[in-house]
Amino acid sequence: MAPRSDTTLAERKRQLVAEELRNAALMLLATRGFDAVTVDDIVAAAGMSRRTFFRYFASKEDVVVRFIADMGTDVVAELAARPKDEPPSVALRHAIWRPLAGCADQPDHAERSRIVVRLILDTPALHARWLERQIHWRAGLTAELAARHSLDPDTDPYPHLAAGMAMLALDAVLEQWQPGDDEQRLAELTDHAFAVVAPALDRPSVGAPGRVIDSPGRRRVR
């Protein structure tokens, strides 16, 4: 039993060190900008060595990429935990809200997170990584939506389209996230975004591809 306890404590210590380094890096990046911050700045702020930093992260960019990846993991995990009979727009709204709620749980944390998100969206190298990670998010959401509605994503476009709409809703919220916005304002932005896409997400024919089709030049099929 002792080895397991030691391993658990060691893992918790590694997580704490990684979080301290990440928080120090994000704080500096948020206040100084991506190009102005060096690894030496980060380790000095965290009170650690370069060797420790590179034990956990490959570069300062890797810190931000991990931040993005963690957001995606939270989104997919939350969708998987939602009740199976919940309307897709509601389930996806809760899934997208999970990382946003973590960003806005405290006023100072909210503003720092907003600045980091803005940094990601406005820095070409980081924005490219953001878009790259969103591909993984969409894949995870697509698989989960297909399983929830007993659909084959290879033949039914709904899971892919619904996952894509959820990502577009998230992007819209982040683009509208303004300085000083608190958790309530961020929730309002999220609610509005998903109210816009809800009619498409909650289509009556989920699970019945080809049941109702309306398109120019094609007959209506029931």
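Below you will find a few notes about this structure. Given the structure is predicted, the values throughout are model-derived calculations rather than measurements.

**Thoughts on the overall build of the protein**
Right, so step 1: Within the protein, the regular secondary structure consists of 9 helices and 0 strands.
Right, so step 2: Each helix (α) and strand (β) of the protein, taken in turn from the N terminus, gives the series α-α-α-α-α-α-α-α-α.
Right, so step 3: Across the 222 residues that make up the protein, the buried fraction comes to 43%.
Right, so step 4: In the protein, 64% of the contacts between residues at least 6 apart in sequence involve partners at least 24 apart.
Right, so step 5: A total of about 12,000 Å² of accessible surface is found on the protein, and carbon and sulfur atoms cover 54% of it.

**Side note on unusual backbone geometry**
Right, so step 1: Residues other than glycine seldom take positive phi values, yet Ser-150 does so here, at roughly 55°.
Right, so step 2: Structurally, Ser-150 can be placed in the loop between α7 (124-148) and α8 (158-176).
Right, so step 3: On the basis of relative accessible area, Ser-150 is assigned to the exposed category, the value being 68%.

**Structural notes on the environment of Leu-174**
Right, so step 1: Tracing the chain through its elements places Leu-174 in helix α8.
Right, so step 2: For Leu-174, a relative accessible area of 2% puts it in the buried group.
Right, so step 3: For Leu-174 and Leu-186, which are 12 residues apart along the polypeptide, the C-alpha to C-alpha distance reads 8.9 Å.
Right, so step 4: Dropping the residues within four chain positions of it, Leu-174 is found in contact with Leu-100, Val-117, Arg-118, Leu-121 and Trp-130.

**Let's talk about the side chain of Gln-134**
Right, so step 1: Considering the arrangement of structural elements, one finds Gln-134 in helix α7.
Right, so step 2: Among the polar contacts made by the side chain of Gln-134, one reaches the side chain of Asp-171 at a distance of 3.0 Å.
Right, so step 3: Residues in contact with Gln-134, not counting those within four places in the same chain, are Met-167 and Asp-171.

**A word on the pattern of salt bridges**
Right, so step 1: With the rule as written, the count across this model stands at 15 salt bridges.
Right, so step 2: Its salt-bridge partner being Asp-191, residue Arg-93 comes within 2.7 Å of it at the nearest N-O pair. Linking Arg-93 in helix α5 (residues 88-103) with Asp-191 in helix α9 (residues 183-201), this pair joins segments that are 98 residues apart in sequence.
Right, so step 3: With a shortest N-O distance of 3.7 Å, Arg-185 and Glu-188 are connected by a salt bridge. Residue Arg-185 and its partner Glu-188 are both found in helix α9; the two are separated by 3 residues, about one turn of the helix.
Right, so step 4: A relative accessible area of 35% places Arg-185 in the partly exposed class.
Right, so step 5: Judged by its relative accessible area of 37%, Glu-188 falls in the partly exposed class.

**Digging into the packing of helix α4 (residues 60-81) against α5**
The axes of two packed helices give the description: the angle between them and the distance between them.
Right, so step 1: Two elements in contact, α4 and α5, have axes separated by 8 Å at closest approach and are oriented at 140°. Our classification of the angle between α4 and α5 gives oblique. Between α4 and α5 the crossing geometry is right-handed. Residue-level contacts link Phe-67, Met-71, Asp-74, Val-75, Ala-77, Glu-78 and Leu-79 of α4 to Ala-91, Leu-92, His-94, Ala-95, Ile-96, Arg-98, Pro-99 and Cys-103 of α5.
Right, so step 2: The residue makeup of the contact of α4 with α5, split by class, is 11 nonpolar, 1 polar and 3 charged.

About the thresholds
Residues numbered from 1 in each chain as written. Predicted model: local features only at pLDDT ≥ 70, side-chain atom pairs only at ≥ 80, totals over all residues. Heavy atoms only, no water. Helix = DSSP H or I, 4+ residues; strand = E, 2+ residues; numbered from the N terminus. Buried < 20%, exposed > 50% of the residue type's maximum accessible area, 1.4 Å probe, protein only. Contact = heavy atoms within 4.5 Å. Areas by Shrake-Rupley, 256 points an atom, 1.4 Å probe, with all protein chains shown as cover. Polar contact = N/O pair within 3.5 Å; in protein donor to acceptor, adjacent residues only side chain to side chain. Salt bridge = Lys/Arg side-chain N within 4 Å of Asp/Glu carboxyl O. Axes fitted to C-alpha atoms, helices over the stretch in contact; angles between N-to-C directions. Parallel < 35°, antiparallel > 145°, perpendicular 65-115°, else oblique. Left-handed = near helix turned anticlockwise from the far one by under 90°. Nonpolar A, V, L, I, M, F, W, Y, C, P; charged D, E, K, R; others polar.

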